[in-house]
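# Breakdown of the fold
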Amino acid sequence: MQAAPAGGSVRIATWNVNSLKVRLAQVLQFAASASPDVLALQETKLTDDRFPVAEIEAAGYRAVFSGQKTYNGVALLAREELQGVTTELPGAPDPQRRWLAATVSGVRIIDVYVPNGESVGSEKYAYKLGWMERLREAIAAELARHPQLVVLGDFNVAPEARDVHDPKEWEGQVLFSEPEREALRRIVALGLHDVFRRFEQPEKEFSWWDYRMNAFKRNRGLRIDLILASDALAARCTACHIDKQPRRQERPSDHTPVIADFA
DNA sequence: ATGGTGGCGCGGCCA
């Protein structure tokens, strides 16, 4: 057994911000109001030299990040020290910045931006499924070393029918196709728990809505932003919810934050 | 309906 976690209770959140440059003020506002101890960001779309370190430090957070120009990019903001940082999904070199891991307050945090996959059968879809299999292998290795572990981020897969506004319309489509759901189930089967589903939740609760066709107003969304905790960490989970407020703001990200509390 | 909206960056790609 490892030593007991150092920090006690921890609030952990994830948010695909779709450009940190555009969304910085919203991120700082969210950090101030929700006050997460750890905030995992995806789609920062910033090279590391442009990361807003000063603004984030002024808000009381440390930051590590792995970015690139225009696309992708992940970051971890934390109140406490971030140790053992890695920026590469093991298995094959990949210029796409989609993985960021660090240990904070005794919890191993793995922030992921799973590929979108474009459409079923496309080259990007094959890349997505391959990436998810490499992710499964990487998580298995991390779990062997870190019993207190969370994998969170934009998985670009809705796990179940109840995570989709219209499962019949989405059946077989990218983000809800059976091979993607199977790849996600294989990851969860390592011994992880989708902590959102460990608590009673409202019906039709989603984390992403397309910008087009008033999808948010009509609640035509998907739950594709997930917080997956190991057995030992899930046992400490006291709450998980989706915060829709940022999606209602002017110029929002198409995703909204998911927040989990651990005792 | 191969549309539609948004970000990046200034044409076309990506989501």
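The present account deals with the structure reproduced in this document. Worth saying up front: this structure is predicted, and the values here are computed from it rather than measured. (Residues numbered from 1 in each chain as written. Chains lettered and ligands numbered in written order. Predicted model: local features only at pLDDT ≥ 70, side-chain atom pairs only at ≥ 80, totals over all residues. Heavy atoms only, no water.)

On to the overall build of chain A. A count of helical and extended segments in chain A gives seven helices and 14 strands. Scaling as 2.2 N^0.38, a compact globule of 263 residues should have a C-alpha radius of gyration of about 18 Å, and chain A matches this with 17 Å. Principal axes of the C-alpha set define a box for chain A whose edges measure 45 × 40 × 40 Å. Here chain A holds 263 residues, and 54% of them are scored as buried. Sequence-distant contacts in chain A: of pairs separated by 6 or more residues, those separated by 24 or more amount to 69%. Only carbon and sulfur atoms are counted for the fraction: they give 50% of the accessible area of chain A, which is about 11,800 Å². (Helix = DSSP H or I, 4+ residues; strand = E, 2+ residues; numbered from the N terminus. Rg over C-alpha atoms; globule rule 2.2 N^0.38 Å. Buried < 20%, exposed > 50% of the residue type's maximum accessible area, 1.4 Å probe, protein only. Contact = heavy atoms within 4.5 Å. Areas by Shrake-Rupley, 256 points an atom, 1.4 Å probe, with all protein chains shown as cover.)

Here the focus is the sheet that holds strand E7 (residues 107-113). Sheets are built from strands that pair by backbone hydrogen bonding, the pairs being arranged parallel or antiparallel. Strands sit in the order E5-E6-E7-E8-E12-E9 across an open sheet of six strands; the sheet is mixed. The sheet is open, and its two borders are formed by strand E5 (83-86) and strand E9 (192-194), each paired with just one other strand. Taken pair by pair, the neighbouring strands of this sheet meet at an average axis angle of 15 degrees, ignoring direction. Pairing between E5 and strand E6 (residues 99-104): two bridges, direction antiparallel. Across the sheet, residue Gln83 finds its bridge partner in E6, namely Thr103. Along the sheet, helix H3 (residues 123-145) makes contact with E6, E7, strand E8 (149-154), E9 and strand E12 (225-230), crossing E7 at roughly 175 degrees. (Pairing = 2+ DSSP bridges. Axes fitted to C-alpha atoms, helices over the stretch in contact; angles between N-to-C directions.)

Another aspect to go through is the protein's contact with DNA strand B. Neighbouring residues of DNA strand B: 14 residues in total, closest Ser19, Arg23, Lys69, Lys124 and Arg212. Backbone atoms, meaning sugar and phosphate, form 69% of the atoms of DNA strand B found within 4 Å of the protein. With respect to DNA strand B, the side chain of Ser19 contributes an N or O atom lying 2.5 Å from a phosphate oxygen. With respect to DNA strand B, the side chain of Arg212 contributes an N or O atom lying 3.4 Å from a base oxygen. (Near = heavy atom within 4 Å. Polar contact = N/O pair within 3.5 Å; in protein donor to acceptor, adjacent residues only side chain to side chain.)

Read across the open sheet, the six strands follow the order E3-E4-E2-E1-E14-E13; overall the sheet is mixed. For this open sheet the edge positions go to strand E3 (62-66) and strand E13 (237-242), each flanked by a neighbour on one side alone. Across this sheet, the average inter-strand angle for adjacent strands is 10 degrees, counted without regard to direction. Note: strand E1 (residues 10-16) against strand E2 (residues 38-42), five bridges, orientation parallel. Considered in E2, the bridge of Trp15 is made with Leu41. Packing against the sheet, helix H1 (residues 20-34) makes contact with E1, E2, strand E4 (74-78) and strand E14 (258-262), and its axis sits at approximately 155 degrees to E1.

What follows deals with the packing of aromatic side chains. One pass over the full model with this rule turns up four aromatic pairs. Their ring planes at 10 degrees and their centres at 4.0 Å tell us that Phe51 and Phe65 sit as a pair that is stacked. Placement of the pair is Phe51 in the loop between E2 and helix H2 (53-58) and Phe65 in strand E3, with a sequence separation of 14 residues. The exposure class of Phe51 is buried, given its relative accessible area of 8%. On the accessibility criterion, Phe65 (22% relative accessible area) is partly exposed. Both rings, one in Trp209 and one in Phe216, keep their centres 4.8 Å apart while their planes meet at 85 degrees; by these two values the pair is edge-to-face. Under the relative-accessibility criterion, Trp209 is labelled buried at 0%. Just above the ring of Phe176 sits the side chain of Arg181; from NZ or CZ to the centre is 4.0 Å. (Phe/Tyr/Trp six-rings, centres within 6.5 Å; stacked < 30°, edge-to-face > 60°. Lys NZ or Arg CZ within 6 Å of the ring centre and 35° of its normal.)

Fair warning: the whole summary comes from geometry, so function is off the table for now.
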